[in-house]
Amino acid sequence: MPVANGINIGDISFNLNTIQKATKLNIEVTIEGTEFANDWNFWVYPSALPKVNASFYYTDQLDEKAKKVLDEGGNVFLNAAGKVIKGKEVVQTFLPVFWNTSWFKMRPPHTLGILCDPKNPALAHFPTENHSDMQWWEIVNKAQVMNLEDFPKGFKPIIQPIDTWFLNRKLALVLEAKVGKGKLIVSSANLNPDLKDSPAAQQLYFSLQNYMMSDRFNPKYEVAYNTVKDIFESPSKIQFDTFTKDSPDELKPKPKTN
């Protein structure tokens, strides 16, 4: 094999029809007679998911009906994609840690991956590690984050973007809380019933729906309705803007000393 990039050495083909549920798989390619090997994780999702007979209220805005459902002890799923104000200044993409704010002060992106609990029942139908991998791309890349600066101490979201170490804000991509007499899930990632060409996002929404319909849906923390509402009305209290197009400090010439 020549020393170069993108050299085709063969094709791999296998049937995935026998896989009936979301599954993480690994494929390994070896060179016969040697110890050389490469392997890659990949994920398989069903092309069609069972319909969930949801008894919760789905909405893309925290409207009066959502408040009424919560006040009466019902459950609400809020798709807040594109509507976040408190945390709007935090730019999230899916770039590796090399492209981080250390190099150009607060040059975006500002987040450094995600943190979640793979054993959380909310993720029971979404195979994942406690960090992001390629199946998170279409969910996380360019999705807004929520700044939970006013939430109760110790509050942990279901999916937490990791902030730049300059600020270490408590951020959320998906959170759950008891609000009023009801229970609420909020997602700043675009999770909705009409996802057709986004199999991973569709699977995550399916997993969250099943969780909300189960007896295990019991958020640990109580959060005031106005605290949640403020995410969509008020900017973050601390704004940090030292953006520069100057060279990173690490690359600037060091002054000579005698």
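For the structure, see preceding data.
Criteria and thresholds
Residues numbered from 1 in each chain as written. Predicted model: local features only at pLDDT ≥ 70, side-chain atom pairs only at ≥ 80, totals over all residues. Heavy atoms only, no water. Helix = DSSP H or I, 4+ residues; strand = E, 2+ residues; numbered from the N terminus. Buried < 20%, exposed > 50% of the residue type's maximum accessible area, 1.4 Å probe, protein only. Contact = heavy atoms within 4.5 Å. Areas by Shrake-Rupley, 256 points an atom, 1.4 Å probe, with all protein chains shown as cover. Lys, Arg positive; Asp, Glu negative; His and termini not counted. Charge placed at Lys NZ, Arg CZ, Asp CG, Glu CD. Pairing = 2+ DSSP bridges.

So, the overall build of the protein chain
Piece 1. Counting its regular elements, the protein chain contains four helices and 10 strands.
Piece 2. Along its sequence from the N terminus, the protein chain presents helices and strands in the succession β-β-β-α-β-β-α-β-β-β-β-β-α-α.
Piece 3. Counting only C-alpha atoms and orienting by the principal axes, one finds that the protein chain spans roughly 70 × 65 × 25 Å.
Piece 4. Each of the 258 residues in the protein chain was classed as buried or not, and the buried ones make up 39%.
Piece 5. When contacts within the protein chain are restricted to residue pairs at least 6 apart in sequence, those whose partners lie at least 24 apart make up 66%.
Piece 6. In the form shown here, the protein chain has an accessible surface area of approximately 15700 Å², with 51% of it arising from carbon and sulfur atoms.
Piece 7. A gap of 6 Å separates the mean positions of the 29 positive and 29 negative side-chain charges of the protein chain.

As for the pairing of strand 9 (residues 174-179)
Piece 1. With five of its six residues buried, strand 9 lies for the most part within the structure.
Piece 2. Relative to strand 10 (residues 182-187), strand 9 is paired through six bridges, and the arrangement is antiparallel. By the bridge assignment for strand 10, V174 is matched with S187.
Piece 3. Following strand 9, the chain reverses through two residues before pairing antiparallel with strand 10; G180 in that reversal takes a positive phi of roughly 60 degrees.

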